[in-house]
Amino acid sequence: MPTPRTGRVRVAVLISGAGSNMAALIDAGRHADAPFEVVLVLSNKPDAGGLAIAGSGGVATAVVAQAAFGKDRAAHEAAVQTVLEAHGVEVVALAGYMRLLTPFLVGRWAGRMLNIHPSLLPKYPGLDTHARAIAAGDAEAGCTVHLVAEGVDDGPVLGQAAVPVLAEDTPASLAQRVLASEHQLYPRVLADFCRSLD
Ligand code: GAR
């Protein structure tokens, strides 16, 4: 019989920007009964706004600037991997990490790396999801948390949340409504995922 895990799953959140999903995950990981804790926030962009939020909340931060590696994605990912290992990371949560991953990092974290995307996948992988949903006349938009596979915003879906598209919506107003639902969905799905690990 497997020994039940003691302690919380050690999660790294990878960001490139504002980090509002990151903040929601950090907060959720601080609940008394949370099955995970955010032990590291790592950015590929030195100016990512989320770094300051994480740092002021006492979470370890790291920058592995892609600019320093030029076109050498493999070397950049090897450096990312070194930092993840140094922090004893068990699960990686991509949260607005706007860099395509190579099979190296995807393979290293197979089944242990999650991503959030602002559409109801398989609709609208990639960019400009909200403008595309409005242009298509969709009645619903939303967000998806999925395990990361090699394609862009691809991999088994772990959870989705839908929000209505309103007649007066602009891409910005829809993005705001979807983002609020992301902040609910991601902590819940990550918690369920971490509880399912042995
Ligand atoms: C979020 O809407 C997230 O779903 C999206 O970037 C935003 C990051 O916001 N991710 C993608 O588009 C990935 N393909 P945040 O930095 O405030 O969490």
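Going by the structure above, here's the rest.
Here's a quick rundown of the structure. (Residues numbered from 1 in each chain as written. Predicted model: local features only at pLDDT ≥ 70, side-chain atom pairs only at ≥ 80, totals over all residues. Heavy atoms only, no water.)

## A closer look at the overall build of the protein chain
Within the protein chain, the regular secondary structure consists of six helices and seven strands. Ordering the α and β elements of the protein chain from the N terminus gives β-α-β-α-β-α-β-α-β-α-β-β-α. In terms of overall size, the protein chain behaves like a compact globule, its C-alpha atoms giving a radius of gyration of 17 Å where 198 residues would be expected to give roughly 16 Å. Counting across all 198 residues of the protein chain, residues that qualify as buried make up 46%. (Helix = DSSP H or I, 4+ residues; strand = E, 2+ residues; numbered from the N terminus. Rg over C-alpha atoms; globule rule 2.2 N^0.38 Å. Buried < 20%, exposed > 50% of the residue type's maximum accessible area, 1.4 Å probe, protein only.)

## As for the packing of aromatic side chains
Inspection of the entire model under this criterion finds zero aromatic pairs. Of note, R108 hangs over the ring of W109, and the distance from its end group to the ring centre comes to 4.8 Å. (Phe/Tyr/Trp six-rings, centres within 6.5 Å; stacked < 30°, edge-to-face > 60°. Lys NZ or Arg CZ within 6 Å of the ring centre and 35° of its normal.)

## A word on helix α2 (residues 49-56)
Within α2 the residues assigned to the buried category are G50, L51 and A54. One side of α2 carries all its buried residues, which in axial view fall inside an arc of 105°. Seen from the buried face of α2, the exposed residues on the opposite side, beyond 90 degrees, are A52 and S56. Packing partners of the buried residues in α2 comprise β1 (9-15), α1 (20-28), β2 (36-43) and β3 (61-63). Two residues or fewer past α2, G58 is found with a positive phi of approximately 80°. (Arc of directions from axis to C-beta. Contact = heavy atoms within 4.5 Å.)

## Topic: the nonpolar core
Core analysis: the largest hydrophobic core is formed by 39 residues, its most contacted members being V11, V13, F36 and V41. With nine residues, helix α6 (residues 171-196) is the single largest residue contributor to this core. With residues near it in sequence (within four places) discarded, F36 still touches R8, V9, V11, L25, A28, G29, P187, L190, A191 and C194. Grouped together as the second largest cluster of nonpolar side chains are 20 residues, A12, L14, V80 and V148 included. (Core = buried A, V, L, I, M, F, W, Y, C linked by side-chain atoms within 4.5 Å.)

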